[in-house]
Amino acid sequence: MDFSPEVFLNHLAQTTDSPYQIAVERAEGIYLYSPDGKRYTDLISGIGVSNIGHRHPKVIQAIKDQLDKHLHVMVYGEYIQSAPNLLAKKITGLLPKSLSCCYFVNSGTEANEGALKLAKRYTGRTEIVSFRKSYHGSTHGSLSVSGNEVKKRAFRPLLPDIRFIDFNVAPDLEQITPGTACVIMETIQGDAGVRIPSVSYMKALRDRCTKTGALLILDEIQCGMGRTGTLFSFEQFGIVPDILTVAKAFGGGLPLGAFIADRQIMKSLTHDPMLGHITTFGGNPVCCAAALATLQVIEEENLLATVEEKGKLFETLLTHPRIKAIRRIGLLFALDFESAEMVGRIVEEGKKLGIICYWFLSHPNSFRIAPPLTITHEQIKESCAAILQAIDNA
Ligand SMILES: Cc1ncc(COP(=O)(O)O)c(C=O)c1O
């Protein structure tokens, strides 16, 4: 084994000057363990991934079973393989009827790339409407429709023909027109610090898209897979997107994403040009097996029914004069503090106390809590005591 910071810092590309640098030897449930034996409570689920905890035994078993059959055998879309078949049947069975056809990919950003391409190809239109403060991924297309200008400036030129509107502001919906190919939106804006739209706004958005023929893409890469108390957040707004994108927790700890749409819409990727989206590893059978097991665990353990009460317990326990505001839906929280520096200090103090909290990409004076949905009431009480201690220490 090699947990050397020297190798990590010099031979692995760095994305910041101050990486978190916890050494992780193993992980189980809501805990990560360092080689020195220190235990950390993962209150961010590896940023929205470990919704059923780390190394759930049923996921591990499903991975092992698939390893004994086959790994990669062919690029996406050519051979009939059982694992993606079973997953597609399962997930489309849990979704509204119009979301009947899955394209499996490798990541969240690729799911959004595929969705944007599908919308342009299907509608024959070019304009994309997105939202200020949104985050959809880090490749050129997803970055183009993300709202944070600071993250984009150095990489221009990006995709043309993108119009940004304000999230949850009904008059802005007029800017969706018959020239619009699609509207891409996080159902709950995650990295903007957990921003939750109103039901009436979401219905108006759906109506406007239907009226203009623009496809509605809902990005549930962060807020899906039970995080907000329903399998997907859009269910709470009484609307159905034309294209749904998922990733992160979808793969149960392995890399898997998907864009999901009506079969008739999806068919447009087969011609003019054929192979309208291509991916070598998309729908990797081991990842699909893990994803199927994850969906089964969410059902069998009745996790969705517990999300709201656990969220409320966190909220009642987290009272402290330094917490300026809490935004919460299900088990996704943003806690606002007076400054980004204060958040940085709390995150550091939390680390010393063995809890992992984190900041948001585009909302630095908040910190995020998004624990595994499997967290118990006892673990919530212990975690909240440690968070309050970290705030005091900061
Ligand atoms: C809402 C949302 N969309 C897309 C992405 C990009 O996913 P990935 O990092 O798997 O490319 C993220 C990642 O944080 C996200 O939160």
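First things first, this report covers the structure right here in the doc.

Here is what the cut-offs are and how they apply
- Residues numbered from 1 in each chain as written.
- Predicted model: local features only at pLDDT ≥ 70, side-chain atom pairs only at ≥ 80, totals over all residues.
- Heavy atoms only, no water.
- Patch = residues over 30% accessible without salt bridge, like charges linked within 9 Å, V, L, I, M, F, W, Y side chains within 5 Å.
- Areas by Shrake-Rupley, 256 points an atom, 1.4 Å probe, with all protein chains shown as cover.
- Salt bridge = Lys/Arg side-chain N within 4 Å of Asp/Glu carboxyl O.
- Helix = DSSP H or I, 4+ residues; strand = E, 2+ residues; numbered from the N terminus.
- Buried < 20%, exposed > 50% of the residue type's maximum accessible area, 1.4 Å probe, protein only.
- Pairing = 2+ DSSP bridges.
- Right-handed = clockwise from strand over helix to strand, strands pointing away.
- Phe/Tyr/Trp six-rings, centres within 6.5 Å; stacked < 30°, edge-to-face > 60°.
- Lys NZ or Arg CZ within 6 Å of the ring centre and 35° of its normal.
- Near = heavy atom within 4 Å.
- Polar contact = N/O pair within 3.5 Å; in protein donor to acceptor, adjacent residues only side chain to side chain.
- 1 Å grid on protein atoms, 1.4 Å probe; cavity = no way out; pocket = protein on both sides within 12 Å on 5 of 7 lines; lining within 4 Å.
- Sits in = over half its atoms within 2 Å of the grid points.
- Nonpolar A, V, L, I, M, F, W, Y, C, P; charged D, E, K, R; others polar.
- Expected span 1.5 Å × (residues − 1).
- Contact = heavy atoms within 4.5 Å.

### Here's the deal with a nonpolar patch on the surface
Here's step 1: The grouping of Phe8, Leu9 and Leu12 at the surface amounts to a nonpolar patch, some 240 Å² of accessible area in total.
Here's step 2: Take Leu9: it is sitting in helix α1 (residues 5-11).
Here's step 3: Residue class for Leu9 comes out partly exposed when judged on its relative accessible area of 37%.

### Some details on unusual backbone geometry
Here's step 1: Residue Pro157 is reached from Arg156 by a cis peptide bond, and omega for that bond is 5 degrees.
Here's step 2: Relative to the elements of secondary structure, Pro157 occurs in the loop between α7 (149-152) and β6 (162-165).
Here's step 3: In this model, Asp272 is joined to Pro273 through a cis peptide bond whose omega is 0 degrees.
Here's step 4: Tracing the chain through its elements places Pro273 in the loop between α9 (263-266) and α10 (285-300).
Here's step 5: We note that Asp161 has phi near 65 degrees; this positive angle belongs to a residue other than glycine.
Here's step 6: In this structure, Asn168 takes a positive phi of about 65 degrees despite not being glycine.
Here's step 7: By the element assignment, Asn168 lies in the loop between β6 and β7 (180-186).

### Notes on the pairing of β7
Here's step 1: Counting buried residues in β7 gives seven out of seven residues, a clear majority hidden from the surface.
Here's step 2: In terms of strand pairing, strand β5 (residues 127-131) meets β7 through three bridges, oriented parallel. Pairing of Glu127 across the sheet is with Thr180, part of β7.
Here's step 3: Examined bridge by bridge, β7 and strand β8 (residues 215-219) share five bridges and lie parallel to one another. The residue bridging Cys182 from the neighbouring strand is Leu215, located in β8.
Here's step 4: For the crossover from β7 across helix α8 (residues 199-212) to β8, the handedness is right-handed.

### Thoughts on the sheet that holds strand β11 (residues 325-329)
Here's step 1: An order of β11-β12-β15-β14 is seen for the four strands of this open sheet, with the pairing classed as antiparallel. Pairing within the sheet leaves two strands with one partner each, and these edge strands are β11 and β14 (358-359).

### Section: the packing of aromatic side chains
Here's step 1: Within the structure shown, the criterion is met by ten aromatic pairs.
Here's step 2: With a centroid separation of 4.9 Å and 10 degrees between ring planes, the pair formed by Tyr103 and Phe259 is classed as stacked. One end of the pair, Tyr103, is in strand β4 (residues 101-105); the other, Phe259, is in strand β10 (residues 257-261), and 156 residues separate them in sequence.
Here's step 3: Its relative accessible area of 8% is what places Tyr103 among the buried residues.
Here's step 4: With a relative accessible area of 0%, Phe259 lands in the buried category.
Here's step 5: Where Tyr358 meets Trp359, the ring centres are 4.5 Å apart and the plane angle is 15 degrees; that geometry is what we call stacked.
Here's step 6: On the accessibility criterion, Trp359 (33% relative accessible area) is partly exposed.
Here's step 7: What links up through ring pairs into an aromatic cluster is the set Tyr20, Tyr358 and Trp359.
Here's step 8: In this arrangement the basic side chain of Arg26 is found over the ring face of Tyr33, its NZ or CZ atom lying 4.1 Å from the centre.

### A short note on the site of the ligand
Here's step 1: The environment of the ligand is made up of 13 residues, and the closest members are Gly108, Thr109, Asp219, Gln222 and Lys248.
Here's step 2: Backbone polar atom of Gly108 to an oxygen atom of the ligand: 2.8 Å apart, as the coordinates give it.
Here's step 3: Residue Tyr135 places a main-chain N or O atom 3.5 Å away from a nitrogen atom belonging to the ligand.
Here's step 4: Alone, the ligand offers 390 Å² of accessible surface; in the complex the protein occludes 83% of this.
Here's step 5: Comparing atom positions with the cavity grids shows the ligand to sit within the largest pocket.
Here's step 6: Here the residues of the shell around the ligand are counted per class, giving two nonpolar, seven polar and four charged.

### Quick word on helix α12 (residues 340-353)
Here's step 1: The terminal C-alpha atoms of α12, which comprises 14 residues, lie 20 Å apart, in line with the 20 Å expected from a rise of 1.5 Å per residue.
Here's step 2: Listed in full, the buried residues belonging to α12 are Met342, Val343, Ile346, Val347, Glu349, Gly350 and Lys351.
Here's step 3: Considering only its buried residues, α12 is in contact with β3 (39-42), β13 (355-356), β14, β15 (366-369) and α13 (377-393).

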